[in-house]
Amino acid sequence: MDLFTILRPEAVKVVSAASSKKRLLHALGELSESAYGLDSTRVVEALQERENLGPTGVGKGVALPHARLEGLDRVVGAFILLEKPVDFSSVDRQPVDIAFALFAPEEAGVEHLKALALVSRTLRETAVCAKLRANPDPSTLFSILTENKNVQAA
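Model, not experiment: these values are computed from the prediction.

Draft legend 1. Quick peek at the overall build of the chain. Regarding its fold elements, the chain presents six helices and six strands. Listed by position from the N terminus, the elements making up the chain come as α-β-α-α-β-β-β-β-β-α-α-α. On C-alpha atoms alone, the chain measures out to a radius of gyration of 14 Å, which is about the 15 Å that the 2.2 N^0.38 rule sets for 154 residues. Principal-axis analysis of the C-alpha atoms gives the chain an extent of 35 × 35 × 30 Å. Relative to its full complement of 154 residues, the chain shows a buried share of 51%. Of all intrachain contacts in the chain linking residues separated by at least 6 positions in sequence, the fraction that spans at least 24 positions is 72%. Surface exposure of the chain reaches about 7500 Å², of which carbon and sulfur atoms provide 51%. Once the 18 positive and 20 negative side-chain charges of the chain are each reduced to a mean point, those two points are 6 Å apart.

In structure tokens, the structure reads:
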């Protein structure tokens, strides 16, 4: 598994203004609907349900919201780079400007965890995040995210 199999180019977006965590989750829902045909309302509800268990802001400006959804046959992702960071209740209390959402089939077990680990490892790399923040073009962001073929899921 690599990010190229999880993420489509059309599921990468730069958002100039999301005023809150809730607006960011809505933007991820809309992006997932346009890129994968997922129901935006259901995506937002599922992401919010997961956030209610504990925030998915992992620190250093990165959030990894994720949810299981009916009707998926594989794990898919959506990536948003925010021009203006928002409070995401992150573990380090820093605002978030990078959000990589993952959606897995309801019955997904290890594949969901592998995908989450892969995204986490990729976005834990300071150099990758610096490149992402310096290149606010969706096609460039997609290339940066998918270029590191050496990062593999567990």
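Okay, back to it.
Draft legend 2. Quick look at helix H4 (residues 110-124). End to end, H4 covers 21 Å across 15 residues, agreeing with the expected 21 Å (1.5 Å per residue, within 8%). If you check which residues of H4 are buried, you get His112, Ala115, Leu116, Leu118, Val119, Thr122 and Leu123. Buried positions in H4, seen along its axis, are confined to an arc of 160 degrees and lie on one side of it. Those residues of H4 that are exposed and angled more than 90 degrees off the buried face are Val110, Leu113 and Arg124. Buried residues along H4 sit in contact with helix H1 (3-6), strand E3 (62-63), strand E4 (66-69), strand E6 (96-105), helix H5 (126-134) and helix H6 (138-147).

Draft legend 3. Region of interest: the side chain of glutamate 51. Positionally, glutamate 51 belongs in helix H3 (residues 40-53). Its relative accessible area of 5% is what places glutamate 51 among the buried residues. Setting aside residues up to four positions removed in sequence, glutamate 51 forms contacts with Lys21, Leu25, Thr56, Pro65 and Phe88.

Draft legend 4. Main features of the packing of aromatic side chains. A full pass over the atoms with the stated rule returns two aromatic pairs. Between the aromatic rings of phenylalanine 4 and phenylalanine 142, the centroid separation amounts to 5.9 Å while the plane-to-plane angle is 50 degrees, which identifies the pairing as tilted. Residue phenylalanine 4 is located in helix H1, and its partner phenylalanine 142 is located in helix H6; the two are separated by 138 residues in the primary sequence. By relative accessible area, which is 10% here, phenylalanine 142 ends up buried. Between phenylalanine 79 and phenylalanine 100 the ring centres are 6.1 Å apart and the planes differ by 70 degrees, which places this aromatic pair in the edge-to-face class. Note that phenylalanine 79 is positioned in strand E5 (residues 76-86) and phenylalanine 100 in strand E6, a separation of 21 residues in sequence. Given a relative accessible area of 0%, phenylalanine 79 falls into the buried group.

Cut-offs used in this document
Residues numbered from 1 in each chain as written. Predicted model: local features only at pLDDT ≥ 70, side-chain atom pairs only at ≥ 80, totals over all residues. Heavy atoms only, no water. Helix = DSSP H or I, 4+ residues; strand = E, 2+ residues; numbered from the N terminus. Rg over C-alpha atoms; globule rule 2.2 N^0.38 Å. Buried < 20%, exposed > 50% of the residue type's maximum accessible area, 1.4 Å probe, protein only. Contact = heavy atoms within 4.5 Å. Areas by Shrake-Rupley, 256 points an atom, 1.4 Å probe, with all protein chains shown as cover. Lys, Arg positive; Asp, Glu negative; His and termini not counted. Charge placed at Lys NZ, Arg CZ, Asp CG, Glu CD. Expected span 1.5 Å × (residues − 1). Arc of directions from axis to C-beta. Phe/Tyr/Trp six-rings, centres within 6.5 Å; stacked < 30°, edge-to-face > 60°.

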